Amino acid sequence: MVWPRAPTRLGQVKEVDKVPNPQYNIPAFQLSFSGPDRPKLPDNWETFVHPEGTRYFKKTDAFVPVLTEAWIYEEPLRAEIEQYIQSISDYVDGNHISFPPNVYLVLELRQTGRYGYYFVNHDEKCLFWLEPFDFSHLLVPLEIASTDSHVSLLMQSHYWYHNELFPHVYEIDNMKLNEITDMLVYSIGDLVMAGDNSLVSVNLKTLRVALELARHHQEQGDERWNHPGGARFIYQIASYLYYDRFLNLFGERVVRLNAYQSIYPPSKNSWFMQVISPLMLFGPEGHLGRLKTTTVDYMVTRRSWDSFTEKTFGEWRETILYATVLLNSNVAFLAIQSVDAQGVPKRQSDSQRASYLSVITSLGSIIFGLLMLRQHRGVITSQLVANRSTTSFGLEALAIVFSLPYALLMWS
């Protein structure tokens, strides 16, 4: 049984058997390495090697061309693949289904041992299935009622991702290439003019390289078939650009026009935040506002995350420095003998108690600041913050933790 799937690479084999002390002897005067031990390609199959190194296969004599990354050199696996192809073909014939031209079938062998499939319609730039397919889980992180025109943007992103996986078997035409080139030109201009407010997720350097490559690809004409590496990069950028349009509701009634604009009503702080913030001298509110600006509608861009970490790191470093100076001052104060003479014998004076409290909070500020700097480089990532932003208390908890060095310093 085959299951409807979206394009992925989850079915790829990631490991090989380990061979201790492998041996390989090359005979004298061997001029070629395409010898008899090289696997023989079955009839009516073609093979290509992806620019990243993955080998995939194309069956040319089926009811539509079939693509798969399953290792069909193994006879049992090839027989299984062809059996599924025949089953799908029988289903199509039995239900009198007719396909438009330029359609491909993709079969994926999952790590679970099951097969996934989808069809590609190159003329309409979309995927389709022979049964209802629940597309809901792919609409994350948006929480809106999507329209067909909105879903089509995500569909086109998946379409270009499919071409990225199989760049040898699709030659982009001039009309689509001109469309991608225009998107690249606009994206570069938007980044230059809007800066941090730009909605483009790809950085400026990558866009400029992509534009140069797209123009070079336009000049190749009939020779585009011989440049799968360049084509793959263009398809990858196109997938990113269409996904940006999907996230920003391109062409819909409500459109996101800058990187810091939310499409949802503003949320209010919880009662816990309203209580704890004054006790921490309103440090959490500052961090919460910065986190909300960074995670607009549960999404974190690279530029916003870099800006957030730069400001937060700088604040923690300054806090550690001030706390260290204050700690030294308290130690010097407690070392003065006249301070002990102020209190009752065998009892500490009020000034000593205050200084000891200041020492404890200063140490706490230094310790928490160093821990935050360390954790932020490994554990606290943009994906963690994005996941936290999906819950009402997630960002507030992070804001409280992030403001601990500041609050302890102020109490010190």
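Attention in this report is confined to the structure presented alongside it.

Reading the values: the criteria
- Residues numbered from 1 in each chain as written.
- Predicted model: local features only at pLDDT ≥ 70, side-chain atom pairs only at ≥ 80, totals over all residues.
- Heavy atoms only, no water.
- Helix = DSSP H or I, 4+ residues; strand = E, 2+ residues; numbered from the N terminus.
- Rg over C-alpha atoms; globule rule 2.2 N^0.38 Å.
- Buried < 20%, exposed > 50% of the residue type's maximum accessible area, 1.4 Å probe, protein only.
- Contact = heavy atoms within 4.5 Å.
- Areas by Shrake-Rupley, 256 points an atom, 1.4 Å probe, with all protein chains shown as cover.
- Lys, Arg positive; Asp, Glu negative; His and termini not counted.
- Charge placed at Lys NZ, Arg CZ, Asp CG, Glu CD.
- Salt bridge = Lys/Arg side-chain N within 4 Å of Asp/Glu carboxyl O.
- Phe/Tyr/Trp six-rings, centres within 6.5 Å; stacked < 30°, edge-to-face > 60°.
- Lys NZ or Arg CZ within 6 Å of the ring centre and 35° of its normal.
- Patch = residues over 30% accessible without salt bridge, like charges linked within 9 Å, V, L, I, M, F, W, Y side chains within 5 Å.
- Core = buried A, V, L, I, M, F, W, Y, C linked by side-chain atoms within 4.5 Å.

Before going further, it helps to examine the overall build of the protein chain. Regarding its fold elements, the protein chain presents 13 helices and nine strands. Compactness check: the protein chain gives a C-alpha radius of gyration of 30 Å against a globular reference of 22 Å for 412 residues, more than 25% above the reference. The principal-axis extent of the C-alpha atoms belonging to the protein chain is close to 100 × 65 × 45 Å. Put simply, the protein chain has 412 residues, and 43% of those count as buried. Across the protein chain, every contact between residues at least 6 apart in sequence was considered, and the portion connecting residues at least 24 apart equals 66%. Carbon and sulfur atoms make up 57% of the accessible area of the protein chain, which amounts to about 23,600 Å² in all. One finds the centroid of the 35 positive side-chain charges in the protein chain at a distance of 10 Å from the centroid of its 43 negative side-chain charges.

Time to look at the pattern of salt bridges. For the structure shown, the criterion picks out nine salt bridges. Between Lys59 and Glu82 there is a salt bridge, with the nearest N and O atoms lying 3.4 Å from each other. In this pair, Lys59 sits in strand β3 (residues 55-59) while Glu82 sits in helix α1 (residues 75-94), placing the two residues 23 residues apart along the sequence. One connected set of salt bridges, linked through shared partners, spans Lys59, Asp61, Glu75, Arg78 and Glu82.

What follows deals with the environment of Asn163. Following the sequence through the fold, Asn163 ends up in helix α2 (residues 148-165). On a C-alpha basis, the gap between Asn163 and Val185 in space is 22 Å, while along the polypeptide they are 22 residues apart. Here Asn163 is in contact with His122, Tyr170 and Tyr235, once residues within four sequence places are set aside.

Another point: the packing of aromatic side chains. As enumerated under the stated definition, the model contains 27 aromatic pairs in all. In textbook terms, an aromatic cluster arises when at least three aromatic residues are bridged by ring pairs, as seen for Phe63, Phe99, Tyr117, Phe119 and Phe128. Against the face of Phe250 rests Arg245, its NZ or CZ located 4.1 Å from the ring centre.

Taken together, the side chains of Trp271, Phe272, Val275, Leu279 and Phe393 define a hydrophobic patch exposed on the protein surface, amounting to about 550 Å² of accessible area. Within the secondary structure layout, Phe393 lies in the loop between α11 (382-388) and α12 (394-402).

So, about the nonpolar core. By size, the foremost hydrophobic cluster in this structure holds 71 residues, and its most contacted members are Leu105, Leu107, Phe119, Trp160, Phe166, Leu184 and Leu207. If you tally residues by element for this core, the top one is helix α5 (residues 228-247), at 10 residues. If you look at the next biggest cluster of nonpolar residues, it comprises 26 residues, including Phe313, Ile366, Leu373 and Ile380.

Purely geometric numbers; function is a separate question.
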